[in-house]
Amino acid sequence: MAAAGRPGLRLRGRWDTIAPMKILFYPAFRELDLSGSSADYHRLADVIAAGAGTRATAGGGSGDGEVALAAVEVAAVPGRAVLIEVAAGRLRVSGDPAKLAVLAENVRAMADAEDGGHLHVEYHPGHWYLAEGSVPLVVNSPHGAMPTR
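Just so it is clear, the model here is predicted, and its values are computed rather than measured. (Residues numbered from 1 in each chain as written. Predicted model: local features only at pLDDT ≥ 70, side-chain atom pairs only at ≥ 80, totals over all residues. Heavy atoms only, no water.)

**Student:** Would you mind showing me how to read helix H1 (residues 38-50) here?
**Tutor:** Two residues of an α-helix separated by three or four positions point the same way, owing to the 3.6 residues in each turn. Between its terminal C-alpha atoms H1 stretches 18 Å, which fits the 18 Å expected from 13 residues at 1.5 Å a residue. Inspection of H1 places Asp40, Tyr41, Leu44, Ala45, Val47 and Ile48 among the buried residues, and these make up the whole buried set. Looking down the long axis of H1, one finds its buried residues gathered within 160° of arc, a one-sided arrangement. The first or second residue beyond H1 is glycine 51, which carries a positive phi of 75°. (Helix = DSSP H or I, 4+ residues; strand = E, 2+ residues; numbered from the N terminus. Expected span 1.5 Å × (residues − 1). Buried < 20%, exposed > 50% of the residue type's maximum accessible area, 1.4 Å probe, protein only. Arc of directions from axis to C-beta.)

Listed below in structure tokens is the structure:
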């Protein structure tokens, strides 16, 4: 976990201090909204792919009923589909390492998508890597809104 006043990423026992991304949870809609820089998303993808770690996030919301989450926690659980949940003011992501790797690649792809937009990560019956009960997640492009093509 990040120490007070030291936001960052803890990966394999060391801290990389970075400007934290923001994760907002909208309880009324049961949806998560993630925003950050390309570097934020690459670091988050690294934690997800590693299957372990905690990533601090920026606090504060707009006051529109959302809750700003304090951190992302990732845990590998062999044999289980990826579960995305909110607990104790944190985003928790857990699942089989191979399935976590798929989510990590999706986050990396959004970090590298230079034309803007967003990515919806949502469970549906038969989803091959997400677990039933996962909270829908919107990953906003660090490069702006939807492309104008």
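Now, onward.
**Student:** Help me out: how do you make sense of the pairing of strand E3 (residues 22-26) in this one?
**Tutor:** Every regular strand shows the same layout, with side chains that alternate between the two sheet faces. Across five bridges, the pairing between E3 and strand E4 (residues 31-35) is antiparallel. Among the inter-strand pairings, leucine 24 is bridged to a residue of E4, identified as aspartate 33. Linking E3 back to E4 in an antiparallel pair, the connection comprises four residues, with arginine 30 at a positive phi of about 50°. Sheet topology places E3 next to strand E6 (residues 67-68); two bridges connect them, and they run antiparallel. Its bridge partner being in E6, leucine 24 is matched across the sheet by alanine 68. (Pairing = 2+ DSSP bridges.)

**Student:** What is the right way to look at the sheet that holds strand E11 (residues 137-140) in this model?
**Tutor:** Hydrogen bonds between backbone atoms are what pair the strands of a sheet, whose relative direction is either parallel or antiparallel. The strand order across the open sheet built from five strands is E6-E3-E4-E11-E10, with neighbouring strands paired in mixed fashion. Only two strands of the sheet have a single neighbouring strand rather than two, namely E6 and strand E10 (118-121). Sitting on the sheet, helix H2 (residues 97-112) touches E10 and E11, and the angle it makes with E10 is about 165°. (Contact = heavy atoms within 4.5 Å. Axes fitted to C-alpha atoms, helices over the stretch in contact; angles between N-to-C directions.)

**Student:** Whenever I open this one, empty space enclosed by the protein confuses me. Can you help?
**Tutor:** One simple way to see leftover space: roll a probe sized like a water molecule over the atoms. Counted under the stated rule, the structure contains one cavity of 30 Å³ or more. Broken down by secondary-structure element, the contributors of at least two residues to the lining of the largest cavity are H1, strand E9 (90-95) and H2. For the lining of the largest cavity, the per-class residue count stands at 10 nonpolar, no polar and no charged. (1 Å grid on protein atoms, 1.4 Å probe; cavity = no way out; pocket = protein on both sides within 12 Å on 5 of 7 lines; lining within 4 Å. Points joined across faces, edges and corners; volume = space filled by probe spheres on them. Nonpolar A, V, L, I, M, F, W, Y, C, P; charged D, E, K, R; others polar.)

**Student:** Please explain H2 as it appears in this structure.
**Tutor:** Taking 1.5 Å per residue, 16 residues should reach 22 Å; H2 reaches 22 Å between its end C-alpha atoms and fits that length. Buried residues in H2 make contact with H1, strand E7 (71-76), strand E8 (83-87), E9, E10 and E11.

**Student:** What is the right way to read the pattern of salt bridges from this model?
**Tutor:** A pair can form between side chains of opposite charge whenever their charged atoms are brought close. Taken as a whole and assessed by the stated rule, the structure comprises four salt bridges. Of the charged contacts, one joins arginine 90 and glutamate 73 as a salt bridge, the two residues approaching to 2.9 Å between their closest N and O atoms. Here arginine 90 is found in strand E9, whereas its partner glutamate 73 is found in strand E7, with 17 residues between them in sequence. Among the residues examined, glutamate 73 registers a relative accessible area of 21% and is labelled partly exposed. As a salt-bridge pair, arginine 108 and glutamate 105 come within 2.7 Å of each other at their nearest N and O atoms. Here the residue arginine 108 and the residue glutamate 105 both occupy positions in helix H2, the gap between them amounting to three residues, near one helical turn. Each of Asp46, Glu105 and Arg108 takes part in salt bridges that share partners, so that together they form one network. (Salt bridge = Lys/Arg side-chain N within 4 Å of Asp/Glu carboxyl O.)

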